[in-house]
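Coordinates in review
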Amino acid sequence: MSSVLYDVPGPKARRVSLVGSIVGIILIAGLLAWAISILAQQGIFQAQRWAVFGIPDVWALIGSGILATLSAAAVAAVIAFPLGLLLCLLRISEVAWIRVPTRIVLEFLRGMPVVLMMFFVLLVFATNPFIAVVAGLVLYNSAVFAEIIRAGIQSLPKGQREAGLTVGLTSFQSRLIIELPQAIRRMMPSLVAQLVVLLKDTSLGYIVSYEELLRKVQLMADVLGFQYLFPVFFVAAAIYITINFSVSRLAIWIERRGSTKAAGGVAKAEPANVEAAAK
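Rules and cut-offs
Residues numbered from 1 in each chain as written. Predicted model: local features only at pLDDT ≥ 70, side-chain atom pairs only at ≥ 80, totals over all residues. Heavy atoms only, no water. Helix = DSSP H or I, 4+ residues; strand = E, 2+ residues; numbered from the N terminus. Buried < 20%, exposed > 50% of the residue type's maximum accessible area, 1.4 Å probe, protein only. Contact = heavy atoms within 4.5 Å. Salt bridge = Lys/Arg side-chain N within 4 Å of Asp/Glu carboxyl O. Bend = angle between axes of the 7 residues up to and from the residue. Axes fitted to C-alpha atoms, helices over the stretch in contact; angles between N-to-C directions. Parallel < 35°, antiparallel > 145°, perpendicular 65-115°, else oblique. Left-handed = near helix turned anticlockwise from the far one by under 90°. Nonpolar A, V, L, I, M, F, W, Y, C, P; charged D, E, K, R; others polar.

On to the overall build of the protein, then. Along the backbone of the protein there are twelve helices and zero strands. Taken from the N to the C terminus, the helices and strands of the protein come in the order α-α-α-α-α-α-α-α-α-α-α-α. Looking at the protein residue by residue over its 279 residues, the buried ones come to 33%. Contacts in the protein between residues far apart in sequence, at least 24 positions, make up 71% of those at least 6 positions apart.

Right, here's the structure in full:
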């Protein structure tokens, strides 16, 4: 069988791919071994450097940092996604005086660094760091969500919209009832990837003195000393990876569950009915 995009590789191509994979694995393993040896020479793996995690106060600080990170990410996501939906609908409006200004606003928000938005909200509106972090994340990610959903709508067959208009739906109803659900389901991987980006961008909050996980880790490293810098940041990185991986797996589960329900809801025509329709 041949693929739509390329032919099935032959024996020679498979051998070249296998050799390249083996060489790549060997190089990666060599780099990891070299890095581990360098760290071992610096005493990173000495037991006393990791004994700090036996102190309850250390885990209390890490726990408060995780809670602050998840709180900012959750609030920002809950606000940014519906706002992105609204901006998407305005962006694809058939009315020019609505569509054009919305496009300018989206391009501006997407082009602005998240840190500058956080600083702007903090300094201009004199808010607390939590509101500044959430506002910066909402402004940027709502614009990205809007563009992702718009791309999903534009990727749908034109017949979807025409069918909705044919049965008497208005343009807005067709967008809301027919196109948006399909676009969100189609663009779910990109939406999940952006949620992971949103979660990671909470680490920028330390610049505006928001005490999320990275800020707590920095404070611990300053208090405990330079010798504990690597263990503390290593644990923080492992926590970030675990959280992001959990979010990705949850989204994949939701996507598969939605696909299964959609497939199960398709009606199957009985052979007798098909024969009767043919007659």
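Here the narrative resumes.
In the structure shown here, the tally under the stated rule is four salt bridges. Across the pair Glu211 and Lys216 runs a salt bridge whose closest N-O atoms are separated by 3.0 Å. The class of Glu211 is partly exposed, set by a relative accessible area of 38%. Through salt bridges with shared partners, a single network forms among Glu107, Arg110, Glu147 and Arg150.

A separate point is helix α8 (residues 171–186). Of all the bends in α8, the greatest reaches close to 45 degrees and is centred on Glu179; the proline Pro181 follows between one and four positions later. Looking at the packing, one finds that the buried side of α8 touches α3 (56–91), α6 (129–154), α7 (158–166) and α9 (188–201).

Next up on the list: the packing of helix α4 (residues 96–111) against α6. For the pair α4 and α6, interaxial distance at closest approach is 8 Å and the crossing angle is 125 degrees. Our classification of the angle between α4 and α6 gives oblique. Crossing geometry of α4 relative to α6 is assigned as left-handed. Touching Leu106, Leu109 and Arg110 of α4 are Leu139, Tyr140, Ala143, Val144, Ala146 and Glu147, all from α6. Here the residues of the contact of α4 with α6 are counted per class, giving seven nonpolar, no polar and two charged.

To continue, consider unusual backbone geometry. The backbone of Ala126 shows a phi angle near 55 degrees, a positive value even though the residue is not glycine. One non-glycine residue, Ser209, adopts positive backbone phi at about 70 degrees. Relative to the elements of secondary structure, Ser209 occurs in the loop between α9 and α10 (213–224). The class of Ser209 is partly exposed, set by a relative accessible area of 45%.

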